[in-house]
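Here is how the chains run, residue by residue.
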Amino acid sequence: MLNFVYFDVGGVVIKDFSKTNKWNELQDELGITSEKKPQFEKFWKDHEKERCIGGDVEELVPLLNKELRLSIPNTYSLLDGFVKRFEQNTSLWPAIERIKQSCRVGLLTNMYPRMLPEIIKRNLLPPVEWDIIVDSSIEKCQKPEPKIFEIAEYKARVRGNKILFVENSEKHIEAAKKRNWHTFLYNPADTHKSNEALYTLFRSLR
């Protein structure tokens, strides 16, 4: 029987860049030309892990200007560039509310510093009181590292086989399975179908 459900934030609880054109929109806003896209992708891959465990994303702006020879204004906020493109996933709210009636719920998310408070400030999350929030930028470790799942279990005070994890990344799903968690791979491109399947799975596990 389940005792806890952890939800990922981006691509699950909120609509982020997953399966959208928003990543390209952000690059256009930064002045990334088609010729510079491969260089930008490599730059982002090299720096993203550090951002999710405490490095401020705003520090990347002068580095981008220097390494890619861009002209991003010093006043530009990269954090805002992300968050302003996020949207509510209201279709999931009823399922979360029903789950919350009989089970504790929490967030388990990879986040840049200050991003989750900004998401909350902009009312992008559902009107739910989360029992636990595990934020990579606070914990200084991130999915799919085993440590963050250990922390999530410790905070929830339950073993892995009593936890359901709702996530849109297959590699994070696989990491949770290694901890013996129940998992649900959420599809942000078909939220209504995912919501129905999620609640059906939740009831079967209860």
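The structure we're discussing is the one just above.
Read on for an overview of the structure. (Residues numbered from 1 in each chain as written. Predicted model: local features only at pLDDT ≥ 70, side-chain atom pairs only at ≥ 80, totals over all residues. Heavy atoms only, no water.)

1. A word on the pairing of strand E5 (residues 132-135)
When strand E4 (residues 104-109) meets E5, the two strands line up parallel, connected through four bridges. Bridging across to E5, threonine 109 finds its partner in aspartate 135. Of the crossover connections in this fold, the one passing from E4 over helix H6 (residues 115-121) to the parallel E5 is right-handed. (Pairing = 2+ DSSP bridges. Helix = DSSP H or I, 4+ residues; strand = E, 2+ residues; numbered from the N terminus. Right-handed = clockwise from strand over helix to strand, strands pointing away.)

2. Thoughts on helix H2 (residues 37-52)
Taking 1.5 Å as the rise per residue, H2 with 16 residues should run 22 Å; its terminal C-alpha atoms sit 22 Å apart, in good agreement. In H2, a bend of some 35 degrees at aspartate 46 exceeds every other bend along the element. Residues Phe40, Phe43, Trp44, His47, Arg51 and Cys52 constitute the buried set of H2. Packed against the buried residues of H2 are helix H1 (22-30), helix H3 (60-67), helix H4 (78-83) and helix H7 (136-139). (Expected span 1.5 Å × (residues − 1). Bend = angle between axes of the 7 residues up to and from the residue. Buried < 20%, exposed > 50% of the residue type's maximum accessible area, 1.4 Å probe, protein only. Contact = heavy atoms within 4.5 Å.)

3. Quick word on the packing of H1 against H2
Here H1 crosses H2 at 105 degrees, and the two axes come no closer than 12 Å. The angle between the axes of H1 and H2 places the two elements in the roughly perpendicular class. Mapping the contact onto sequence places Trp23, Asn24, Gln27, Asp28 and Leu30 in H1 and Lys37, Phe40, Glu41 and Trp44 in H2. (Axes fitted to C-alpha atoms, helices over the stretch in contact; angles between N-to-C directions. Parallel < 35°, antiparallel > 145°, perpendicular 65-115°, else oblique.)

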